[in-house]
Amino acid sequence: MTTTIPAKKKATFNTLTVTGVRKLTEDSVEVSFAVPAELQEDYNYIPGQYVALRAEINGQEVRRSYSICDVPRDGVIRVAIKRDRGGIFSTWANEELEPGTQMDVMNPQGAFTSKTHLTGLNNPEAVREELEKLDHPHLVAVAAGSGITPIMAIAQTVLAESPETTFELIFANKGGGDVMFAEEIGDLKDKYPNRFAVHHVLSREQRVNPLFSGRIDAEKLQTLLDNVVRTENVDEWFLCGPFELVQLVRDELSGRAVDEKNVRYELFTTGKPTGNQNQSGRRVEADPEGNNVEITFQLDGLSGSVTSPVSAHESLLNAALRVRSDVPFACAGGVCGTCRAKVTEGEVEMDENYALEADEVAAGYVLTCQSHATTPNVSLNFDA
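In this text the structure is predicted, and so the values were computed from the model without any measurement.

1. Remarks on the sheet that holds strand E10 (residues 236-241)
Step number 1: With respect to topology, 5 strands assemble into an open sheet ordered E9-E8-E7-E10-E11, the strand pairing being parallel. Edge positions in the open sheet fall to strand E9 (196-202) and strand E11 (263-267), since each of these has one partner strand only. Between one strand and the next, the sheet's axes are offset by a mean angle of 10°, whatever the strand orientation.
Step number 2: Bridging between strand E7 (residues 138-144) and strand E8 (residues 166-173) involves 7 bridges; their strand directions are parallel. Bridge assignment links Val142 to a residue of E8, and that residue is Ile170.
Step number 3: Where helix H4 (residues 182-191) meets the sheet, its contacts fall on E8 and E9, and the angle it forms with E9 comes to roughly 145°.
Step number 4: Taken strand by strand, helix H6 (residues 243-255) contacts E7, E10 and E11, and its axis lies near 155° from that of E10.

Below is the structure:
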């Protein structure tokens, strides 16, 4: 049996106008972009997807990916940006970004979505029909910090469009003042008192129930899954946050025989220094002695080629960017999947992969930001 991998929407940037910057917490903002009528088809999205933002800050092009935090609506895209310590883009967005600013916004990407895969914007009927196939579906999310962002879009959509669905959220933060979308979460509790539940776990605040105080470690997670969330009754899981927490939950669910097909996860960072987030085709020259790799690729129907010295151990993304500045990428850390391409000739090795599904890898897809050629000739197809 041959597995068919669906082609992802071509990643392209368009210039959109910021229409609102709303403070969520002391260190986070919600940013709204207007989507003109002629671009709405390109910005159809499934709850849980992200967009990449591109801006010039202090003379430097900076790209970052942020999850869409709202249910699909005509004419608007909303993302939440939490300030990272030392983060160039997130600091700028929290301190200087204002309505009227024009910014390059990539069309929505990503596979951190429910089993219901919609093909168009505002298609609640499809959500409802898919979820009605299940008997009172129960969805659970485990999020930490800004990991709540895509969860908000998913939770609001399924609760609104499927009256039989229940949704439970375990949400970890340092303190009450750090809870992003606190008001919106409260609104969901009021609107769906019998179908939505949230369990706040605060690492630096003492709560009445000690189970909800402190960091979520292996022991606390086991207790939560034994006494708060009944694992055997969950139809689908959504995990989003730092690498350590997401991996902890994945391992625990695997140990409880939860089918990995029912566990969706997304990382905002791996927690590992990559040193290449501003990858833009750094200068590399071919080896005059001829110890090189020949890389050819297809992008937007056009062919390109570049020679890369073996000694540079250059990523396929960096090599391609040296001859085509429009090669798609966002995080360059193996997390978002924007730079995905299919290897059609040769062999490569991939350092990290937190974005591709197992069937995609088996079909020959790689993250070019994390991949290096291991044969003299490699061919890629970014259009596949």
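So, next bit.
2. Things to note about the confidence of the model for the protein chain
Step number 1: A residue-level look at the protein chain finds 89% of positions with pLDDT of 70 or above and a mean pLDDT of 89.
Step number 2: By mean pLDDT, helix H2 (residues 124-131) is the weakest element of the protein chain at 60, and strand E2 (residues 28-34) is the strongest at 98.
Step number 3: Predicted confidence is poor over residues 116-122, with pLDDT under 50, and the contacts of this stretch with residues over four places away or in other chains come to 20 contacts.
Step number 4: A low-confidence stretch, residues 273-278 stays under pLDDT 50, and its non-local contacts, those more than four residues away or across chains, total 13 contacts.

3. A look at the packing of helix H5 (residues 218-227) against H6
Step number 1: Where H5 meets H6, the axes come as close as 11 Å, and the angle between the chain directions of the two elements is 55°. With respect to their mutual orientation, H5 and H6 come out oblique. Judged by the twist between their axes, the crossing of H5 over H6 is right-handed. Contact residues: H5 offers Ala218, Leu221, Gln222 and Leu225, while H6 offers Leu248, Val249, Glu252 and Leu253.
Step number 2: The class makeup of the residues in the contact of H5 with H6 is 6 nonpolar, 1 polar and 1 charged.

4. Observations concerning the environment of Phe167
Step number 1: Its place among the elements puts Phe167 in strand E8.
Step number 2: Between the alpha carbons of Phe167 and Trp237 there is a distance of 10.0 Å; along the sequence they are 70 residues apart.
Step number 3: If we skip the residues at most four places from it in the chain, Phe167 touches His138, Leu139, Ala141, Ile151, Ile154, Ala155, Val158, Leu159, Arg195, Phe196 and Ala197.

5. Structural notes on the side chain of Ser32
Step number 1: Tracing the sequence through the fold places Ser32 in strand E2.
Step number 2: A relative accessible area of 7% places Ser32 in the buried class.
Step number 3: Within polar-contact distance, the side chain of Ser32 engages the side chain of Arg78 at 3.1 Å.
Step number 4: Those residues in contact with Ser32 that sit more than four places away from it in its chain are Thr17, Val18, Thr19, Gly20, Val76, Ile77 and Arg78.

Definitions and cut-offs
Residues numbered from 1 in each chain as written. Predicted model: local features only at pLDDT ≥ 70, side-chain atom pairs only at ≥ 80, totals over all residues. Heavy atoms only, no water. Pairing = 2+ DSSP bridges. Helix = DSSP H or I, 4+ residues; strand = E, 2+ residues; numbered from the N terminus. Axes fitted to C-alpha atoms, helices over the stretch in contact; angles between N-to-C directions. Contact = heavy atoms within 4.5 Å. pLDDT = per-residue confidence, 0-100. Parallel < 35°, antiparallel > 145°, perpendicular 65-115°, else oblique. Left-handed = near helix turned anticlockwise from the far one by under 90°. Nonpolar A, V, L, I, M, F, W, Y, C, P; charged D, E, K, R; others polar. Buried < 20%, exposed > 50% of the residue type's maximum accessible area, 1.4 Å probe, protein only. Polar contact = N/O pair within 3.5 Å; in protein donor to acceptor, adjacent residues only side chain to side chain.

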